[in-house]
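Structural features, examined
Spelled out, the chains give:
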Amino acid sequence: MELAEDNAWLEQLDAFLSRRNQTWLLGAGASYEANLPLMNPLTEIVLEQIKDSKLEPLIQSLRNDIADDAHIEHLLSHLGDHYALAERKKSQNATIGGNEYTLSELDEAHALILKHIRDTILLGCQQQEEDASWEIGDKGSSIVDVTPYRNFVSALLNTRRAGVEGRRPAIKLFTTNYDTLIEDSLAWERFKYWDGFSGGAVAYRSHHFGHKESEFEDRYDALISKLHGSIDWHVGDNGTVYRVRSNDPFPGSERKVMIYPQATKYVATQRDPFAAQFEMFRRSLNETKECVLGICGYSFGDEHINDEIELAMSRSENDTTVLAFVLEGESGLPQILEEWRSSDWGKRLFIMTEKGLYVGDKGPMCQPEEGRELSWWTFSGLTALLENGPGYLQNDGL
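Residues numbered from 1 in each chain as written. Predicted model: local features only at pLDDT ≥ 70, side-chain atom pairs only at ≥ 80, totals over all residues. Heavy atoms only, no water.

Overview of the overall build of the protein chain
Scanning the protein chain from terminus to terminus reveals 12 helices and 18 strands. Here the protein chain, with 398 residues, has 53% of them falling under the buried criterion. In the protein chain, the proportion of contacts linking residues at least 24 apart, taken out of those at least 6 apart, comes to 68%. As presented, the protein chain carries roughly 18800 Å² of accessible surface, and 46% of it is formed by carbon and sulfur atoms. (Helix = DSSP H or I, 4+ residues; strand = E, 2+ residues; numbered from the N terminus. Buried < 20%, exposed > 50% of the residue type's maximum accessible area, 1.4 Å probe, protein only. Contact = heavy atoms within 4.5 Å. Areas by Shrake-Rupley, 256 points an atom, 1.4 Å probe, with all protein chains shown as cover.)

Considerations on the pairing of strand S14 (residues 291-296)
Summarising burial for S14: six of the six residues are buried, a large majority. The side-chain alternation of S14 yields two buried faces, one formed by Cys-291, Leu-293 and Ile-295 and the other by Val-292, Gly-294 and Cys-296. Bridge analysis of strand S1 (residues 22-26) against S14 gives five bridges, and the strand direction is parallel. Residue pairing for S14: Leu-26 is matched across the bridge by Cys-296. Two elements, S14 and strand S15 (residues 320-325), share six bridges in a ladder whose sense is parallel. Bridge pairing links Leu-293 to Val-322 in S15. For the crossover that starts at S14, traverses helix H10 (residues 303-313) and ends in the parallel S15, the hand is right-handed. (Pairing = 2+ DSSP bridges. Right-handed = clockwise from strand over helix to strand, strands pointing away.)

A look at the environment of Asp-319
Topologically, Asp-319 is positioned in the loop between H10 and S15. On the accessibility criterion, Asp-319 (30% relative accessible area) is partly exposed. The spatial distance from the C-alpha of Asp-319 to the C-alpha of Arg-348 is 8.6 Å, given a sequence separation of 29 residues. Of note is the side chain of Asp-319, whose polar atom sits 3.5 Å from the backbone nitrogen of Glu-290. (Polar contact = N/O pair within 3.5 Å; in protein donor to acceptor, adjacent residues only side chain to side chain.)

Topic: the nonpolar core
Nonpolar side chains tend to gather and get buried jointly when the protein is soluble and globular. Ranked by internal contacts, the top residues of the largest apolar core, which has 73 residues, are Ile-117 and Trp-376. The greatest single-element share of this core, amounting to eight residues, is contributed by helix H6 (residues 103-123). In this structure, Tyr-220, Phe-281, Ile-295 and Met-313 belong to the second largest nonpolar core, which totals 30 residues. (Core = buried A, V, L, I, M, F, W, Y, C linked by side-chain atoms within 4.5 Å.)

A look at the side chain of Asp-179
Within the secondary structure layout, Asp-179 lies in the loop between strand S6 (171-175) and helix H8 (181-188). Side-chain polar atoms of Asp-179 contact the backbone nitrogen of Leu-181, separated by 3.1 Å. Not counting residues within four places of it along the chain, the set of residues in contact with Asp-179 comprises Ser-31, Leu-36, Ile-121, Lys-226 and Ser-230.

A look at the pattern of salt bridges
Oppositely charged side chains may form a pair once their charged atoms are brought near each other. Under the criterion given, the structure shown has 15 salt bridges. Residues Glu-48 and Lys-51 are paired through a salt bridge, measuring 3.3 Å at the closest nitrogen-oxygen approach. Ionic pairing is found between Arg-282 and Glu-308, a salt bridge with its closest N-O pair at 2.7 Å. Residue Arg-282 is found in helix H9 (residues 274-285), and its partner Glu-308 is found in helix H10; the two are separated by 26 residues along the sequence. (Salt bridge = Lys/Arg side-chain N within 4 Å of Asp/Glu carboxyl O.)

Let's talk about the sheet that holds strand S10 (residues 222-226)
Strands sit in the order S7-S10-S6-S1-S14-S15-S16-S17-S18 across an open sheet of nine strands; the sheet is mixed. Each edge of the open sheet is held by one strand with a lone partner, namely strand S7 (193-194) and strand S18 (362-365).

Things to note about the environment of Ser-142
For Ser-142, the location among the structural elements is in the loop between strand S5 (135-136) and helix H7 (147-157). With 20 residues separating them in the primary sequence, Ser-142 and Leu-122 have C-alpha atoms 7.0 Å apart. If we skip the residues at most four places from it in the chain, Ser-142 touches Leu-122 and Leu-123. Here Leu-122 takes part through its backbone oxygen, which lies 3.0 Å from a polar atom of the side chain of Ser-142. At 3.2 Å, the side chain of Ser-142 forms a polar contact with the backbone nitrogen of Val-144.

Some remarks on the confidence of the model for the protein chain
With 88% of its residues at a pLDDT of 70 or more, the protein chain shows a mean pLDDT of 86. When pLDDT is averaged over each element of the protein chain, strand S16 (residues 349-353) comes out on top at 97 and strand S13 (residues 256-259) at the bottom at 70. The low-confidence segment residues 263-270 (pLDDT under 50) makes 18 contacts with residues lying over four places distant or belonging to another chain. (pLDDT = per-residue confidence, 0-100.)

Focus on unusual backbone geometry
Residues Gly-363 and Pro-364 are joined by a peptide bond in cis, for which omega reads 10°. Checked against the element boundaries, Pro-364 lands in strand S18. A positive phi angle, close to 60°, is found at Gln-92, a residue other than glycine. As for its placement among the helices and strands, Gln-92 is situated in the loop between helix H5 (72-88) and strand S2 (93-96). According to the relative accessible area criterion, Gln-92 is partly exposed, its value standing at 33%. At Phe-300, a residue that is not glycine, the phi angle is positive and equals roughly 60°. Within the fold, Phe-300 resides in the loop between S14 and H10. With relative accessibility at 8%, the residue Phe-300 sits in the buried group.

Put into structure tokens, the structure is as follows:
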């Protein structure tokens, strides 16, 4: 009986993965297999890179002033807070770690951090062994691997749509990552995508808050929205946001990388281009027709994103099912998922972990054999699930 029930749940999950209307949210974990770091390692790498620079005392003082488990976005947010306070002071200075710093020095520190984030993501990094030092690629030999993303988009847009009659609406892809892997993989696999920019190799941001992206849904295979910015987004002297790759010339003053610095602060999302990004995310969550929100590589640590999901799912007319692929670990599910499981809409929440499948307050079902773990929570495991269906889980000892 238990086996039959497990199979029924797996068949239902498989059906959701083939739904006509799909939205996906990808976090840092999705890029880990491409040799890009998670947020905490990225923080360590950037702090190591700024050692011995004249701005190390300032940046290290900021780091010492925030929680031990805070990462690079929190550090940038803290720097932004000090900048905002200094702007309002008569002295136009900020006191950090007992020292006074000018607005110019704060600006310089911000630019330095963003430069090292960009360079690390451009070149890639990996560890040969746990607790070993990070090996970072060099300018002549990046170790970033786009293959995991190419496999994912092919499984999502080829395999899952094979044999389907009629045109399906574009899949909406949201990411908190700064890398360009999702765009690159779609291009390599020859899928048409829209990302809110107009132009060619160099493009300008033409999509703004209040504009609707629905007109593009039938013309493209995928719509991309980068909720936290991108390493190839730069702000020009005129305030326009441009998409420019690292080797392309940028006119005017030194280019300013546009990465969203405040993971939990609501106010920053009210300004373009981030206002438009979150507006698109909000609309995709508030579907009144059958829709799936797939989540992978996201640690549920961004309060604003969590709030958007919870608010949308709580609406009585909402008909979205959430599929969360996440590591459970020794500490259990993320707290927000535990709260959602017991909510009124919890029955529309499927959670896939290494220990099994949860649906609302039920689970774990579909548990692996003793001593085994399921891999479907990983990016490559999700890709295998999309490509081969639940049958592939037999190799994991289901």
